[in-house]
Amino acid sequence: MHLKTTLATAILGLALTANAQAQSPATYASVATNYAALVHANYSDTLAGAQEMQAAIAAFVAAPSADGLAAARKAWLSARESYGQTEAFRFYGGPIDDDKGPEGQINAWPLDEAYVDYVQGKPKAGLVNDAKFKITKANLVKFNERGGEENISSGWHAVEFLLWGQDLSETGPGNRSFEDYVDGKTPNADRRRQFLTVATSLLVDDLASVTEAWAPGQKNYRARFEKGGKESVRKIIVGLGSLSRGELAGERMEVALNSQDQEDEHSCFSDNTHRDIVTNATGIQNVWLGQYKKRDGSLVQGPGVRDLVAAKKADLAEKTSALLAASVAAAESIPAPFDRAIGKGTAGRPAVEKTIASLVAQSKLLVESASAVGIAKLTLVEP
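Model, not experiment: these values are computed from the prediction.

Asks: What is the right way to read the packing of helix α11 (residues 273-289) against helix α13 (residues 314-332) from this model?
Replies: The description of two packed helices rests on the angle between their axes and on the distance between the axes. At a minimum axis separation of 8 Å, α11 and α13 run at an interaxial angle of 160°. Accordingly, the angle class assigned to the pair α11 and α13 is roughly antiparallel. At the point where α11 passes α13, the crossing takes the left-handed sense. In this structure, α11 contributes I277, V278, A281, T282, I284, Q285, W288 and L289 to the contact, and α13 contributes A317, T320, S321, L324, A325, V328, A331 and E332.

Asks: Looking at this structure, how should I read the pattern of salt bridges?
Replies: Side-chain pairs of opposite charge can arise whenever the charged atoms involved come near each other. For the structure on display, the rule yields 19 salt bridges. Of the charged contacts, one joins R193 and D183 as a salt bridge, the two residues approaching to 3.1 Å between their closest N and O atoms. Residue R193 is found in helix α8 (residues 189-213), and its partner D183 is found in the loop between α7 (156-164) and α8; the two are separated by 10 residues along the sequence. Among the charged side chains, a network of salt bridges with common partners joins E87, R90, D97, E103, E247 and R252.

Asks: Looking at this structure, I do not really get helix α10 (residues 230-259). What am I missing?
Replies: The end-to-end C-alpha distance of α10, which contains 30 residues, comes to 40 Å, matching closely the 44 Å that a straight helix rising 1.5 Å per residue would cover. Of all bends in α10, the biggest is about 45°, found at G250. Judged by how many residues are buried, α10 sits mostly within the fold: 22 of 30 residues are covered. Note on α10: the residue one or two positions beyond its end, Q260, has a positive phi of about 55°.

Asks: I'm lost on the side chain of R245 in this one. Help?
Replies: Tracing the backbone through its elements, the reader meets R245 in helix α10. A polar contact of 3.3 Å, which involves the side chain of R245, links it to the side chain of E254. For R245, the residues in contact, after removing those within four places along its chain, are G250, E254, V360, S363 and P383.

Asks: I would appreciate a short explanation of the environment of P123 in the present structure.
Replies: Along the chain, the position of P123 falls in the loop between α5 (113-116) and α6 (137-143). P123 gets classed as exposed once you look at its relative accessible area, which sits at 61%. Taking the C-alpha atoms as reference points, P123 and P187, 64 residues apart in sequence, are found 9.0 Å from one another. Among residues more than four places away in sequence, those in contact with P123 are Y118 and N129.

Asks: Would you explain the nonpolar core in this entry?
Replies: Among soluble globular proteins, nonpolar side chains are generally buried collectively. Formed by 108 residues in total, the largest nonpolar core has its most connected members in Y35, F89, W156, L163, F195, L196 and W214. Residues within four places of Y35 in sequence aside, it is in contact with A88, F89, Y92, W214, F225, I236 and V287.

Asks: For this particular structure, what's the right way to read the packing of α10 against helix α15 (residues 349-372)?
Replies: Contact geometry of α10 with α15 gives a least axis separation of 9 Å together with a crossing angle of 160°. In terms of axis orientation, α10 runs roughly antiparallel to α15. The crossing of α10 and α15 is left-handed. Every residue of α15 that contacts α10 at I237, L240, G241, S244, R245, L248, A249, M253, E254 and L257 is listed here: R349, V352, E353, T355, I356, L359, V360, Q362, S363, L366 and A370. Residue classes in the contact of α10 with α15 are distributed as 12 nonpolar, five polar and four charged.

Criteria and cut-off values
Residues numbered from 1 in each chain as written. Predicted model: local features only at pLDDT ≥ 70, side-chain atom pairs only at ≥ 80, totals over all residues. Heavy atoms only, no water. Axes fitted to C-alpha atoms, helices over the stretch in contact; angles between N-to-C directions. Helix = DSSP H or I, 4+ residues; strand = E, 2+ residues; numbered from the N terminus. Parallel < 35°, antiparallel > 145°, perpendicular 65-115°, else oblique. Left-handed = near helix turned anticlockwise from the far one by under 90°. Contact = heavy atoms within 4.5 Å. Salt bridge = Lys/Arg side-chain N within 4 Å of Asp/Glu carboxyl O. Expected span 1.5 Å × (residues − 1). Bend = angle between axes of the 7 residues up to and from the residue. Buried < 20%, exposed > 50% of the residue type's maximum accessible area, 1.4 Å probe, protein only. Polar contact = N/O pair within 3.5 Å; in protein donor to acceptor, adjacent residues only side chain to side chain. Core = buried A, V, L, I, M, F, W, Y, C linked by side-chain atoms within 4.5 Å. Nonpolar A, V, L, I, M, F, W, Y, C, P; charged D, E, K, R; others polar.

Below, the structure is given as structure tokens:
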């Protein structure tokens, strides 16, 4: 009887402690700490997805086939689902995009196809077909954005182009043949296999370095960030506001909407831009709420910016949460392919315009939310 009473008392005590912790007010420190855990989980998922893509590409180049190419493409699309959500961790000089950060060689776009490989009407174009160009990781880094910001030789979109080829279809993605990788079928197939392999390996290396910077229990960026208090929360909100307005609504959507140019589409070769937009918007929502759903279905969850704001202005926190959810829903309503949705008079154009308007409005609420928690100076990326 005594044992049962003691056990019951202990369980009750644990429950009360857990409840007290759940209801304890969010602080700058608790938000920064949970954010760091969320960031590491998201980058870890992205790295795992990129490594799966690397394995699929290795199998493909070892024995090129239509099925092998399809598997490599599927792995690329899967890995992008995680990566798209990490874009909310940018724009404040963190490990991904500080002065030495690898963002420019991870996700730079738009890409001039002729800089990498042949294009329609130019069968000998690109580094792949330049026998003098030695295909190494160091050279891909050296030649990335060399002579122009569209001269992209590395990252997600170089790999994407090598897997899909030019998008010459109005209704679907690029349709590169697996025979581009078969000796005797297409010139420089061996160099194309090498370029795809090396570019993929470099991408995995870069993602690994960013993931390591956020690893727990080490003397790294995460350790400093968790001690940053109010300044770290300022950085978090700078990332959310900048992605909302300047990058996603501006560079990634308004530019394409105004130009109606397929080349201004983020993932133009695979026609995956509609998913890029959804995952970017979801990443913003993740950070605001302080939660992230991992690839295995488990949830990383803790105090988010919302909780800080709610303690000061509950109505503002609720309004911002609702608008972020509306932005995700609007993004999900954009029909694929994005390059058709941006055309004037198309059925999809209103969905794109609605998403842009929602993202612009939410960026203003994020600035207001920052002010509510005592953060007045925000330097956001402008379109």
